[in-house]
Each structure stands twice: as C-alpha cells, then as structure tokens.
Amino acid sequence: MRIAEVIGTVTLSRWHPSLNSSRWVIGVPFSLKALQKGTPPDGEDLVILDQLGAGSGSRIGFSEGAEAAAPFLPDRKPLDAYCACILDSLTVNG
C-alpha cells in the first residue's frame, strides 16, 4: 500500500460496464523522503478508483496492480489503483 494526496477528480465519457457508477480521483503519491520531511507529494499523478468519498486534499492509502482488484473478487474489474482508506493522521518513524 502506498500513500497519496488527492488533487482532483476524473470525469469519464466512456467506461467499462463493470465500472458503472464508479468514482475516480487523481492522486499524487508520496515518497518516503517526502513523508519524513513533511513536504508535498513528489510522485507521478495517477488515477485511482475511490468508493470512500475522498475529497481534494485528502491523504489516502491505495493499492496497485493485482491487489487493487482483490476487493472485487470473484468479479473482475479492469483497474490499476484502488483507494483502500482515507487517513486521518500519519506518523512516520525512521
């Protein structure tokens, strides 16, 4: 799981039928260095499926790859990133 900051939403004009009525957000991942220093996220933006209602500026935990589709098993969904949680607070040690 990685941590990202939500910077906006995505509106689709076409989508796969299995993703009907899904919400999508744009997230910018944090590197460990950025989390330790408390600086803004420094990763490359990505689109994340969000069923939790994360708003702009929220910090979220997200899964990528095969793990992103795991919450939907046995159904198959074509997605690369899934918002697993909205973080209230974050403490980085080390």
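Residues numbered from 1 in each chain as written. Predicted model: local features only at pLDDT ≥ 70, side-chain atom pairs only at ≥ 80, totals over all residues. Heavy atoms only, no water.

K.L.:
A description of unusual backbone geometry should follow, citing residues and the corresponding values.
P.N.:
Put simply, Leu-73 and Pro-74 share a cis peptide bond, and its omega is 5°. If you trace the backbone, Pro-74 turns up in the loop between helix 2 (66–69) and strand 5 (81–87). One non-glycine residue, Ser-21, adopts positive backbone phi at about 65°. (Helix = DSSP H or I, 4+ residues; strand = E, 2+ residues; numbered from the N terminus.)

K.L.:
Break down the pairing of strand 1 (residues 2–10) for me, with residues and values.
P.N.:
Relative to strand 4 (residues 59–64), strand 1 runs antiparallel, the two being bridged by four bridges. Note that in strand 4 the partner of Glu-5 across the bridge is Arg-59. As defined by bridge partners, strand 1 adjoins strand 2 (residues 24–29) across six bridges and the pair is classed as antiparallel. Residue pairing across strands places Thr-9 opposite Val-25, the latter belonging to strand 2. (Pairing = 2+ DSSP bridges.)

K.L.:
Could you give an account of the packing of aromatic side chains, naming the residues involved and the relevant values?
P.N.:
One pass over the structure, following the stated rule, counts one aromatic pair. Geometrically, the ring pair formed by Phe-72 and Tyr-82 is edge-to-face, given 5.4 Å between the ring centres and 80° between the ring planes. With Phe-72 in the loop between helix 2 and strand 5 and Tyr-82 in strand 5, the pair connects residues that are 10 residues apart, well separated along the chain. Across this residue pair, the class does not change: Phe-72 and Tyr-82 are buried. (Phe/Tyr/Trp six-rings, centres within 6.5 Å; stacked < 30°, edge-to-face > 60°. Buried < 20%, exposed > 50% of the residue type's maximum accessible area, 1.4 Å probe, protein only.)

K.L.:
Go over the pattern of salt bridges, please, and point to the residues and values.
P.N.:
When their charged atoms lie close together, side chains carrying opposite charge are able to pair. Counting across every chain of the model gives two salt bridges. Here Glu-64 and Arg-2 are joined by a salt bridge, their closest N and O atoms 2.9 Å apart. With Glu-64 in strand 4 and Arg-2 in strand 1, this residue pair connects regions lying 62 residues apart in the sequence. (Salt bridge = Lys/Arg side-chain N within 4 Å of Asp/Glu carboxyl O.)

K.L.:
Describe the nonpolar core, with residues and values.
P.N.:
Counting 10 residues, the largest nonpolar core consists of Ala-4, Val-6, Val-25, Leu-46, Ile-48, Ala-54, Ile-60, Phe-62, Ala-81 and Cys-83. At the level of elements, strand 1, strand 3 (46–49), strand 4 and strand 5 are the ones that each hand at least two residues to this core. Ile-48 has contacts with Arg-23, Trp-24, Val-25, Gly-27, Ile-60, Phe-62, Ala-81, Tyr-82 and Cys-83, leaving out every residue within four places of it along the chain. The next biggest cluster of nonpolar side chains, apart from the first, holds seven residues, and it includes Leu-19, Leu-49, Phe-72 and Tyr-82. (Core = buried A, V, L, I, M, F, W, Y, C linked by side-chain atoms within 4.5 Å. Contact = heavy atoms within 4.5 Å.)

K.L.:
Describe in detail the side chain of Asp-50, supporting the description with residues and values.
P.N.:
On the secondary structure map, Asp-50 appears in the loop between strand 3 and strand 4. Among the polar contacts listed, one links the side chain of Asp-50 to the backbone nitrogen of Ala-54, at a separation of 2.8 Å. Aside from chain neighbours lying at most four places away, what touches Asp-50 is Arg-23, Val-25 and Cys-83. (Polar contact = N/O pair within 3.5 Å; in protein donor to acceptor, adjacent residues only side chain to side chain.)

K.L.:
Give a description of the confidence of the model for the protein chain that names residues and reports values.
P.N.:
Confidence in the prediction for the protein chain averages 93 pLDDT; 99% of positions are at 70 or higher. Highest mean pLDDT in the protein chain belongs to strand 2 (98); lowest belongs to helix 2 (90). (pLDDT = per-residue confidence, 0-100.)

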